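As a plain string of letters, each chain reads:
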Amino acid sequence: MDLLLGFGYKYLCLYLPYVFSLRLFVFLIELLFIGCNEQNKQIADTPVETNDIISIQKQGTFAVGGSVKKSHGTFDPIAHGAFNPSNQSTEGQTLHGDHASVFYQIPTEPRNLPLVFWHGYGQSMRTWQSTPDGREGFQSIFLKKHYPIYLLDQPRRGLSGQSLEPKTLESKTEDQLWFGIFRMGEGTSFYPNVQFSKDPEALDQFFRRSTPDTGPLNINLNIEAVSQLFGKIGDGILVTHSHSGGQGWSTALKTDLIKAIVAYEPGSNFVFPEDNIPEPISYVGGTLRTKGVSMEEFQKLTKIPIVIYYGDYIPETEVENPGQDQWRAALSMARKWTKTVNDAGGDVTLVVLPEIGIKGNTHFPMSDLNNQEIADLMCNWLEEKKLN
């Protein structure tokens, strides 16, 4: 009996510290669990800023428009099936190309009319995505406002690079040319108080967005592809930039599914009644001419609301700076076009941003530092026209 008690006492002394350590460990785990639950409850009870969340119910990509080219002869999978890029047989084979590529996102609780974003010259759908300095672009801004968005690359540009006609691509050093034409500044110096980020990395990112045409520019091909896009998705609002502005007018003549147009700095291809075509406007390096259509066709532009925005650094009179003078001509023609459409019963609003107190914007207001303010202007106009 004494032996048994001695053994028990020895066992208790040996393992008792471990028992207390285990109890302490369990206690600490329970305490941690309670703390985590309390923290999770606090997180769950914290109001969520819904404006910072993009909820997508559907997204995807597709091609629209284009055609198929076929070579003469008959394709033989044995004789012609080997990959030989230096001397590849095309006999009897096809090539799909000249289409537009589209990326779309449909948010939860979407508004009725989607926004279709069309880029400008030398650009792609990246115009509407993140800004060169890494902030949210119009894609995200308008998704948060519950607009379905469709971003497109027109035929023979960007993701739609498969052209059915050949073109020689040249590597020309033109960054400073476009720096001036896009009204960021002169040479390598930014304009004072410009709204574009002066961070060298932002400018580097901007230049790397440029993308060439992979085939000859064909405006009718572009118009047809965008018309077919609206034929696929139905009613919507067309948002254009620069070179797509004039193409946008012509697309609206081709389809009645475009319910409104928002045009950022259109620079060419203004459409006028053929019996009321204004005189061409000369500028340093070129002449801006217009396109004439029948009055019956022109009347289609009077059936939808249109808003046009121009940024800063655009002179009212002729100047020697080609980058500025080109846009003097464009703005002057836009004023004539606005009056002509409105005189015919249309609803065009022309907004020159410095005239309403918004200064410093470049040719890319959707990428400038105040792009949220620019987006709000557009959103307010859509609300005013009962389009949202």
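The structure this text deals with has already been given above.
Okay, so let's go over this structure. Note that this is a predicted model, so its numbers are computed, not measured. (Residues numbered from 1 in each chain as written. Predicted model: local features only at pLDDT ≥ 70, side-chain atom pairs only at ≥ 80, totals over all residues. Heavy atoms only, no water.)

## Thoughts on the overall build of the protein chain
Across its full length, the protein chain holds nine helices and 14 strands. Counting all 388 residues of the protein chain, 44% fall into the buried class. Long-range contacts, defined as pairs at least 24 residues apart, comprise 74% of the intrachain contacts of the protein chain with a sequence gap of at least 6. (Helix = DSSP H or I, 4+ residues; strand = E, 2+ residues; numbered from the N terminus. Buried < 20%, exposed > 50% of the residue type's maximum accessible area, 1.4 Å probe, protein only. Contact = heavy atoms within 4.5 Å.)

## Some words on helix 9 (residues 371–384)
Spanning 14 residues, helix 9 covers 20 Å between terminal C-alpha atoms, matching the ideal 20 Å at 1.5 Å per step. For helix 9, the complete set of buried residues consists of Asn-371, Ile-374, Ala-375, Met-378, Cys-379, Trp-381 and Leu-382. On an axial view of helix 9, the arc spanned by its buried residues comes to 160 degrees, and they lie on one face. Set apart from the buried face of helix 9 by more than 90 degrees, the exposed residues are Glu-383 and Glu-384. Where helix 9 is buried, its residues touch strand 3 (115–118), helix 2 (138–144), strand 7 (236–241), strand 8 (258–264), strand 13 (305–310) and strand 14 (347–352). (Expected span 1.5 Å × (residues − 1). Arc of directions from axis to C-beta.)

## Comments concerning the pattern of salt bridges
With the rule as written, the count across this model stands at 17 salt bridges. Linking Arg-156 and Asp-98 is a salt bridge whose minimum nitrogen-to-oxygen distance equals 2.8 Å. One end of the pair, Arg-156, is in the loop between strand 4 (149–153) and helix 3 (175–181); the other, Asp-98, is in strand 2 (residues 94–107), with 58 residues separating them in the sequence. In this structure Arg-156 comes out as buried when scored by relative accessible area, which is 3%. Its salt-bridge partner being Lys-385, residue Asp-347 comes within 3.0 Å of it at the nearest N-O pair. Taken together, the residues span a long stretch of sequence, with Asp-347 in strand 14 and Lys-385 in the segment after helix 9 at a distance of 38 residues. (Salt bridge = Lys/Arg side-chain N within 4 Å of Asp/Glu carboxyl O.)

## Description of the nonpolar core
Grouped together as the largest cluster of nonpolar side chains are 86 residues, with contacts concentrated most on Phe-138, Phe-142, Trp-249, Tyr-264, Trp-337 and Met-378. For this core, the leading source of residues is helix 8 (residues 322–343), giving eight residues. Sequence-distant contacts of Phe-142, that is, excluding residues within four places in its chain, are made with Leu-115, Phe-117, Tyr-147, Ile-149, Ala-375, Met-378 and Cys-379. (Core = buried A, V, L, I, M, F, W, Y, C linked by side-chain atoms within 4.5 Å.)

## Let's talk about unusual backbone geometry
Even without being glycine, Asn-269 reaches a positive phi, approximately 60 degrees. Here Asn-269 is to be found in the loop between strand 8 and strand 9 (271–273). The phi dihedral of Tyr-313 falls on the positive side, at around 65 degrees, and the residue is not glycine. Following the sequence through the fold, Tyr-313 ends up in the loop between strand 13 and helix 8. The class for Tyr-313 is buried, based on a relative accessible area of 14%.

## So, the side chain of Asp-325
Structurally, the position occupied by Asp-325 is in helix 8. Discounting chain neighbours no more than four positions away, the residues touching Asp-325 are Tyr-283, Val-284, Thr-317, Glu-318 and Val-319.

## Remarks on the pairing of strand 14
Bridging between strand 13 and strand 14 involves six bridges; their strand directions are parallel. Among the inter-strand pairings, Pro-305 is bridged to a residue of strand 14, identified as Asp-347. With helix 8 bridging strand 13 and the parallel strand 14, this β-α-β connection has right-handed handedness. (Pairing = 2+ DSSP bridges. Right-handed = clockwise from strand over helix to strand, strands pointing away.)

## Regarding the pairing of strand 3
Strand residues, when the strand is regular, have side chains that alternate between the two faces of the sheet. The two faces of strand 3 match: Leu-115 and Phe-117 on one face and Val-116 and Trp-118 on the other face are all buried. Pairing of strand 3 with strand 4 involves four bridges; the strand directions are parallel. Paired with Trp-118 across the bridge in strand 4 is Leu-152. Bridge count for strand 3 against strand 7 is four bridges, and the pairing is parallel. Considered in strand 7, the bridge of Phe-117 is made with Val-239.

## Side note on the packing of aromatic side chains
A complete count under the given rule lists 23 aromatic pairs for this structure. Look at Phe-182 and Phe-364: their rings are 4.8 Å apart centre to centre, the planes differ by 80 degrees, and that puts the pair in the edge-to-face class. Placement of Phe-182 in the loop between helix 3 and strand 5 (185–186) and of Phe-364 in the loop between strand 14 and helix 9 is noted, with a sequence separation of 182 residues between them. For the pair shown, Phe-182 and Phe-364 are each scored as buried. (Phe/Tyr/Trp six-rings, centres within 6.5 Å; stacked < 30°, edge-to-face > 60°.)

## Here we look at the layout of surface pockets
In this model, the largest pocket occupies a volume close to 650 Å³. Glu-170, Glu-174, Trp-178, Thr-211 and Pro-212 are the residues nearest the centre of the largest pocket, which is lined by 20 residues in total. Looking at the lining of the largest pocket, its residues break down into six nonpolar, seven polar and seven charged. Approximately 360 Å³ is the volume found for the second largest pocket. The wall of the second largest pocket is formed by 19 residues, among which Tyr-121, Trp-178, Ser-242, His-243 and Gln-326 lie closest to the centre. Counting only elements with at least two residues in the lining of the second largest pocket, the list comes to helix 3, strand 11 (286–288) and helix 8. Considering each element in turn, the lining of the second largest pocket owes the most residues, three residues, to helix 3. Of the residues belonging to the lining of the second largest pocket, the class tally is nine nonpolar, ten polar and no charged. (1 Å grid on protein atoms, 1.4 Å probe; cavity = no way out; pocket = protein on both sides within 12 Å on 5 of 7 lines; lining within 4 Å. Points joined across faces, edges and corners; volume = space filled by probe spheres on them. Nonpolar A, V, L, I, M, F, W, Y, C, P; charged D, E, K, R; others polar.)

## Concerning the environment of Ala-252
Examined against the element boundaries, Ala-252 turns out to sit in helix 6 (residues 243–254). Taking relative accessible area as the criterion, Ala-252 reaches 9% and is therefore assigned buried. Considering only alpha carbons, one finds Ala-252 and Val-226, 26 residues apart in sequence, at a separation of 9.8 Å. Excluding residues within four positions of it along the chain, Ala-252 makes contact with Ile-258, Ile-261, Leu-301 and Ile-304.

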